[in-house]
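Working through the structure, step by step
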Amino acid sequence: MSAAADAVDAASPHSRPPHPGRWRSALAITLLGVALVLLSPLVGSVPIPPTEVFRIILHQLSGGAVYAQPCAGVTDSAPLCSAYVEIVWDERLPVLLLALLAGAALGISGATLQGVFRNPLADPYLLGLSSGGALGAAFVYVFRIGEAEASLVLPVLAFAGSLGAGVAILLAARGRSGSVETLLLTGVALASFLSATLTIVLLYNPTGSLQVSFWLLGGVGGATWNRDGVAFGGILIASTLLVLHGRELNVMQLGNDVAQSIGVPTARLRQRLILLASLVTAMAVAFTGVVGFVGLVAPHIVRRTVSSDYRVVLPLSAMTGGLFLLAANDLAVTVLPGTQLPVGIFTSFAGAPFFLTLLYRRRQASTMGDS
Amino acid sequence: MRAPSASGRAVAGLEGVTVRFGSRTVLHEVDLSVGAGEFVALAGPNGSGKTTLLRVLLGFIRPSAGRATLFGTPVDELPITERARRVAWVPQEEANRDNPTVREYVGYGRYPYRGRFQAESAVDRERVEESLSDLGLGDRGDDGVQTLSGGERQRAVLGRALAQDTPLILLDEPTSHLDIGHQLDILERVRTLSRRRGTTVIAALHDLNLAARFADRVVILSRGRKYDDGDPARVLSEGLLARVWGVTADLRRDPRTGVPYLLPHQRVVEGPAILAGPGFGPVHVVGGGGAGAPVLRALSDDGYRVTTGALHLLDTDAETAEVLGIPMVVEVPFAPLGAEVRSAHRRLLEQARVIVVAPFAVGPSNIANLDDLEPFVPQTPTYLLAPTPIDQRDFAGGAGARAWEALRSAGAREVDGLPALQAELRSLEARWRSAVPAAAPALPS
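Calculation criteria
Residues numbered from 1 in each chain as written. Chains lettered and ligands numbered in written order. Predicted model: local features only at pLDDT ≥ 70, side-chain atom pairs only at ≥ 80, totals over all residues. Heavy atoms only, no water. Helix = DSSP H or I, 4+ residues; strand = E, 2+ residues; numbered from the N terminus. Buried < 20%, exposed > 50% of the residue type's maximum accessible area, 1.4 Å probe, protein only. Contact = heavy atoms within 4.5 Å. Areas by Shrake-Rupley, 256 points an atom, 1.4 Å probe, with all protein chains shown as cover. Lys, Arg positive; Asp, Glu negative; His and termini not counted. Charge placed at Lys NZ, Arg CZ, Asp CG, Glu CD. Domains from an automatic or database assignment. Axes fitted to C-alpha atoms, helices over the stretch in contact; angles between N-to-C directions. Parallel < 35°, antiparallel > 145°, perpendicular 65-115°, else oblique. Left-handed = near helix turned anticlockwise from the far one by under 90°. Nonpolar A, V, L, I, M, F, W, Y, C, P; charged D, E, K, R; others polar. Phe/Tyr/Trp six-rings, centres within 6.5 Å; stacked < 30°, edge-to-face > 60°. Lys NZ or Arg CZ within 6 Å of the ring centre and 35° of its normal. Buried area = accessible area lost by both parts, 1.4 Å probe. Salt bridge = Lys/Arg side-chain N within 4 Å of Asp/Glu carboxyl O. Pairing = 2+ DSSP bridges.

**Details of the overall build of chain A**
Along chain A, the regular secondary structure elements total 16 helices and zero strands. Across the 371 residues that make up chain A, the buried fraction comes to 52%. For chain A, the proportion of contacts with a sequence separation of at least 24, taken over those separated by at least 6, is 77%. In the structure as shown, chain A presents an accessible area of about 16200 Å², 69% of it carried by carbon and sulfur atoms.

**Focus: the overall build of chain B**
Along its length, chain B carries 15 helices and 18 strands. Projecting the C-alpha coordinates of chain B onto the three principal axes gives extents of approximately 95 × 45 × 40 Å. In chain B, buried positions account for 54% of the 445 residues. Sequence-distant contacts, at least 24 apart, represent 68% of the contacts inside chain B between residues at least 6 apart. Of the roughly 18900 Å² of accessible surface on chain B, a fraction of 51% belongs to carbon and sulfur atoms. Side-chain charges in chain B split into 51 positive and 55 negative, and the spacing between the mean points of these groups amounts to 6 Å.

**A look at the domain arrangement of chain B**
The domain boundaries assigned to chain B delineate domain 1 (12-262) and domain 2 (268-432). Of note, the centres of domain 1 of chain B and domain 2 of chain B, computed from C-alpha atoms alone, are 46 Å apart.

**A short note on the packing of helix α13 (residues 294-305) of chain A against helix α14 (residues 310-334) of chain A**
Residues and elements named next belong to chain A. Running from N to C, α13 and α14 point in directions that differ by 125°, and their axes come no closer than 8 Å. Classified by the angle their axes make, α13 and α14 are oblique. At the point where α13 passes α14, the crossing takes the right-handed sense. Across the interface between the two elements, Val-294, Ala-298, Pro-299, Ile-301, Val-302 and Arg-303 of α13 pack against Tyr-310, Val-312, Val-313, Leu-316, Ser-317, Thr-320, Gly-321, Phe-324 and Leu-325 of α14. Counted by class, the contact of α13 with α14 contains 11 nonpolar, three polar and one charged residues.

**Description of the packing of aromatic side chains**
Given two aromatic rings, their pairing is described by the distance between the two centres and the angle made by the two planes. On inspection of all chains with the given rule, the structure shows three aromatic pairs over all chains. Between Trp-89 of chain A and Trp-225 of chain A the ring centres are 5.1 Å apart and the planes differ by 40°, which places this aromatic pair in the tilted class. Of this pair, Trp-89 of chain A sits in helix α4 (residues 78-117) while Trp-225 of chain A sits in helix α9 (residues 225-243); the two residues are 136 residues apart in sequence, bridging distant segments of the chain. What makes Trp-89 of chain A buried here is its relative accessible area of 16%. Ring centres of Tyr-105 of chain B and Tyr-108 of chain B lie 5.8 Å apart, and the angle between their planes is 65°; on these two criteria the pair is classed as edge-to-face. There is no split in this pair, since Tyr-105 of chain B and Tyr-108 of chain B are both buried. Directly above the aromatic system of Tyr-113 of chain B lies the positively charged group of Arg-110 of chain B, at a separation of 4.2 Å from the ring centroid. Here the guanidinium or amino end of Arg-393 of chain B rests over the ring plane of Trp-404 of chain B, the centre of that ring lying 4.7 Å away.

**Some remarks on the interface of chain A and chain B**
Listed by partner, the interface residues are 33 residues for chain A and 33 residues for chain B. Summing both sides of the interface, chain A and chain B together bury roughly 2900 Å²; the carbon and sulfur share of this comes to 50%. The interface formed by chain A and chain B includes one salt bridge. As a salt-bridge pair, Asp-257 of chain A and Arg-55 of chain B come within 2.4 Å of each other at their nearest N and O atoms.

**Looking at the sheet that holds strand β6 (residues 87-90) of chain B**
Residue and element names in this part refer to chain B. An order of β6-β7-β8-β3-β9-β10 is seen for the six strands of this open sheet, with the pairing classed as mixed. The strands lining the two open edges of the sheet, one partner per strand, are β6 and β10 (225-230). Strand-to-strand twist of the sheet, defined as the mean angle between neighbouring strand axes without regard to direction, takes the value 15°. Where strand β7 (residues 168-172) lies against strand β8 (residues 200-204), five bridges are found, and the strand directions are parallel. Looking at the pairing, Asp-172 lines up with Ala-204 of β8. Most of the contacts of helix α9 (residues 238-245) go to strand β9 (residues 217-222), to which it runs at about 30°, and overall it touches β3 (39-43), β9 and β10.

**Some details on the pattern of salt bridges**
Residues and elements named next belong to chain B. Evaluation of the coordinates by the stated rule reveals 31 salt bridges over all chains. Of the charged contacts, one joins Glu-15 and Arg-67 as a salt bridge, the two residues approaching to 3.7 Å between their closest N and O atoms. Here Arg-67 lies in strand β4 (residues 65-70) and Glu-15 lies in strand β1 (residues 12-21), a separation of 52 residues in the sequence. Residue class for Glu-15 comes out partly exposed when judged on its relative accessible area of 44%. We note a salt bridge from Arg-197 to Glu-130, for which the minimum N-O separation is 3.5 Å. Linking Arg-197 in helix α6 (residues 180-197) with Glu-130 in helix α4 (residues 122-134), this pair joins segments that are 67 residues apart in sequence. In the salt-bridge network here, residues are joined through shared partners; they are Arg-127, Glu-130, Asp-134, Asp-165, Arg-196 and Arg-197.

**Digging into unusual backbone geometry**
Note: most peptide bonds trans; most residues except glycine with negative phi. All names here are of chain B. Of note, the bond from Gly-309 into Ala-310 is cis; its omega dihedral lies within 30 degrees of zero at -25°. The topology assignment puts Ala-310 in strand β14 (residues 306-312). Here Glu-29, not a glycine, exhibits a phi torsion of approximately 45°, which is positive. In the Ramachandran plot, Phe-71 falls in the positive-phi region, its phi being about 55° despite a non-glycine side chain. You can see Phe-71 is positioned in the loop between β4 and β5 (73-74).

Now the structure itself:
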């Protein structure tokens, strides 16, 4: 081959790396995430000096070894300082962690469902997983079941409702031809049915409907270290199991028959993956209510900026989802000083324009949804 | 490379396999045994059951009756990973909307060899690189599959199947979306690789000519039944195309390779297959001097199996029959019909289901034709084409007119032109079809 031809070859688009800048994008998301996590504790209705916030965190993390006098350098009196500690350590940090966890759960659940159904619109909401959770929550407020211990009963019922919806989809589709389309439509029908049931329940029981409505908008306000601990355990286990299925999800994108011919037991895997996705979604719904858009958008952001390889999409969707929800929550806290707006509003209100920009500006790693 | 488990045992076998979807029978008691290293083409019209047969072998469809085996083991008893190590599949078209690199994509074929926590092994990498270079994709390994052209993409699919390293590969119309150059390219590669690696190949190919060109053996499916099975040179015939596809064609032979090929006519006959009923024989045309040529062309275009005779060599009718590939009996030019030719002609007449007498000029050299066909008139519907009265074309001194009259009195019917003849044949066929309930096409005798 002549030197000229070589030069042409080198300049041809084929010689480009497959996903230009994919690792740069991944790095950018990570750096953005670190910045966001560092900045988030500073955000809140009570203005606390940044240095004070970090001193408190370091003090708590070190078990009180560092900064033995937490209020040193602050002109205010000691009781106020202990209020700072409470705000930063027992409120802001649990909220931050819960936002990350719930967002991660929704992100990875959305990525899994989009992969299983080979459908860019699939997410926990479309399938009725969150409607199930909402119905569970409604029982607490409307029928005043265990209202006394609402903080305990509410997550449990929401979890049960959400997981129940996932199991119901699988049971309904079991023994049938079990095609992807059947499963997806079963979920859509179930979602519709559950929302209708919820509407009826609320219509005839106006007493609890305001609380339920608020819960439906989603929020991470009720976070505590204990709740975070439970959410962390559950989400970590289910997410780890999901991440291990990246290779199978890649092959499943070739279609049911091809995947089977390569040795992927598609029917069994679909059930397992839907069950795990329901589980992580249920964990998120239990503690945050219904937060929309995260599960849909996070996987698409990853696919468009980094890669469509599910071994990458799954963990990065979790990360992106977590950061997305955290950013939305920071907005929810700061937009109207003194008020905490439901975070679910911001995931959509700020997330939709952001997503649209991405959708129309970048056409890269994947065409999922374009064809 | 893994060797087929035991010599002599079929790589793939079907025993009386029947597949029903609801009340519809898609495969009907199909038997098939494919040996190691064979390249078998499955051919048949759309809906004949080719894809279903492949899906049975892949274990996607469980037969309603009968047994499908791979290397002697029933397909449904093989664990899915084990099955994926024995048989790979290349579909017509793969709807992958993601964009893995070609190398990653081909690497998907290594799935059945890797445990969940196992990293890619040296063997995995070696197989992938080997597949890439075998398919001429060595320099495209790092490109996304969405950047590939149609031909390259199908090569990548084939590469994925090869990386699966199976002794058997099934292909379902692997080239139907490609242009002719890429069709040949893909099939050429499949054949070369199968020979080199000893891989057994079963490919559904609706293009009979491609099937004959590349396969060692052609299996014809028609309406869910195995219609024929054997060497392409034997299986391919005009009758095959007419009966199974309902298309008329000429059979030619590639002068360089000797491979037979079919050249379909422009006109496609309506209905599943003309004269497909059991026992339906050909329409025999008695002609001469060019009077028979338009009849031969018209009937052949209509999809009838046609025979003709007894003609003289170099005669217009004989040349027409030659071009149309119509079987005929010929005598040397201008000579009266000899005894041998006449008896050969009688054999054709005997096989005919319908006899048509073209309005040829009757002379001493061919009057024997009329005499010879008279005994067949009572049991065979016979049509006399008579656009002009017989006495205007009797050059045998009245013998022609007498013979014509004898045919009429034996039951032959006069029709005044080709359209009338074609209408008669259609109504005749309709009557026969309704008398013989629709059945599977008879095997060619």
